[in-house]
Amino acid sequence: AKEKNVPVLLTQLGTTEFISNFSTLLLEAHAPVLSMHGTLVDVYGLGVLLLGKSGVGKSETALELIERGHRLVADDTVTVKRIEDETLLGAGSEIVQHHMEIRGLGIINVKDIFGIRSVKNKKRIELVCELEYWEEGKLYDRLGLDESWHEIMGVQLPYIVIPVRPGRNIPVIVETAALNQRMKKYGIHTAQELDQKIQDWISSEKSNDRKESAGNQ
């Protein structure tokens, strides 16, 4: 092996398990990497990337989600790796991993305060939530019929904009968005189903009106 410069690997794992784990390791090690400003949280098993301007409340939203039982992956700086064609894996910086900056409080260690179950080292990104300050007069999506997408490293991700203003419970909205996205993955699109029911009802009413009109004639 030394003469041919061939590595010799020893393991107690079975062949299939080792090859699978080693292949995953190699994919991650050689994957394209992007560092971006945001906060990544595991919400109901779904990797939710929170984006928005500095001070809009990304860290505070993540802190409330952690307190509600969800898990922090990365705050402020998210390291994103593109694994294969359609998978984006997010993680935190090794130096500040599991730490958060909360204005008025300072730097906190989430793992030490909330326990090991409150953090996760890496997570696949499956939903992007953009937090922005509420703009009077701006039309925000109120039906959810149209799908929006956000591109990161050539991968299209489901995308929603959440307007922020006093009185709105942003963490609950993010939780609901995560649950709604999970339903969509299983083929359940609530807004489209309701729209179809309304269209069917309108068609039925029109049909009944035509029958009554024909009967009167």
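Residues numbered from 1 in each chain as written. Predicted model: local features only at pLDDT ≥ 70, side-chain atom pairs only at ≥ 80, totals over all residues. Heavy atoms only, no water.

## Remarks on the packing of aromatic side chains
How two aromatic rings sit relative to each other is given by the distance of their centres and the angle of their planes. Considering all chains together, one arrives at 1 aromatic pair under this definition. Seen from their ring centres, Phe-18 and Phe-22 are 5.5 Å apart, and the 10° between their planes marks the pair as stacked. Here Phe-18 and its partner Phe-22 are both found in helix 1 (residues 15–29), 4 residues apart, which amounts to about one turn of the helix. Phe-18 gets classed as partly exposed once you look at its relative accessible area, which sits at 23%. A relative accessible area of 32% means that Phe-22 is categorised as partly exposed. Directly above the aromatic system of Trp-134 lies the positively charged group of Arg-165, at a separation of 3.8 Å from the ring centroid. (Phe/Tyr/Trp six-rings, centres within 6.5 Å; stacked < 30°, edge-to-face > 60°. Helix = DSSP H or I, 4+ residues; strand = E, 2+ residues; numbered from the N terminus. Buried < 20%, exposed > 50% of the residue type's maximum accessible area, 1.4 Å probe, protein only. Lys NZ or Arg CZ within 6 Å of the ring centre and 35° of its normal.)

## Observations concerning the layout of surface pockets
Roughly 940 Å³ of internal volume is contained in the largest pocket. If you go around the largest pocket, you meet 28 residues; those closest to its centre are Asp-141, Arg-142, Gly-144, Ile-160 and Val-161. Listing elements by their share of the lining of the largest pocket, those giving two or more residues are strand 11 (155–164), helix 4 (170–185) and helix 5 (190–216). In the lining of the largest pocket, the residues fall into 14 nonpolar, 7 polar and 7 charged. In this structure, the second largest pocket occupies an estimated 310 Å³ of space. Looking at the second largest pocket, it is lined by 19 residues, and the ones nearest its centre are His-37, Ser-59, Asp-75, Asp-76 and Glu-101. Put simply, the parts of the chain that give the lining of the second largest pocket at least two residues each are helix 2 (58–67) and strand 7 (99–102). (1 Å grid on protein atoms, 1.4 Å probe; cavity = no way out; pocket = protein on both sides within 12 Å on 5 of 7 lines; lining within 4 Å. Points joined across faces, edges and corners; volume = space filled by probe spheres on them. Nonpolar A, V, L, I, M, F, W, Y, C, P; charged D, E, K, R; others polar.)

## A closer look at the nonpolar core
Ranked by size, the top nonpolar core spans 25 residues in total, and within it Val-48, Met-100, Val-110 and Val-174 carry the most contacts. Breaking this core down by element, the ones donating at least two residues are strand 2 (39–43), strand 3 (46–52), helix 2, strand 7, strand 9 (122–133), strand 11 and helix 4. Excluding residues within four positions of it along the chain, Val-174 makes contact with Val-48, Leu-50, Thr-61, Leu-65 and Ile-162. Grouped together as the second largest cluster of nonpolar side chains are 15 residues, Met-36, Val-78, Leu-88 and Ile-152 included. (Core = buried A, V, L, I, M, F, W, Y, C linked by side-chain atoms within 4.5 Å. Contact = heavy atoms within 4.5 Å.)

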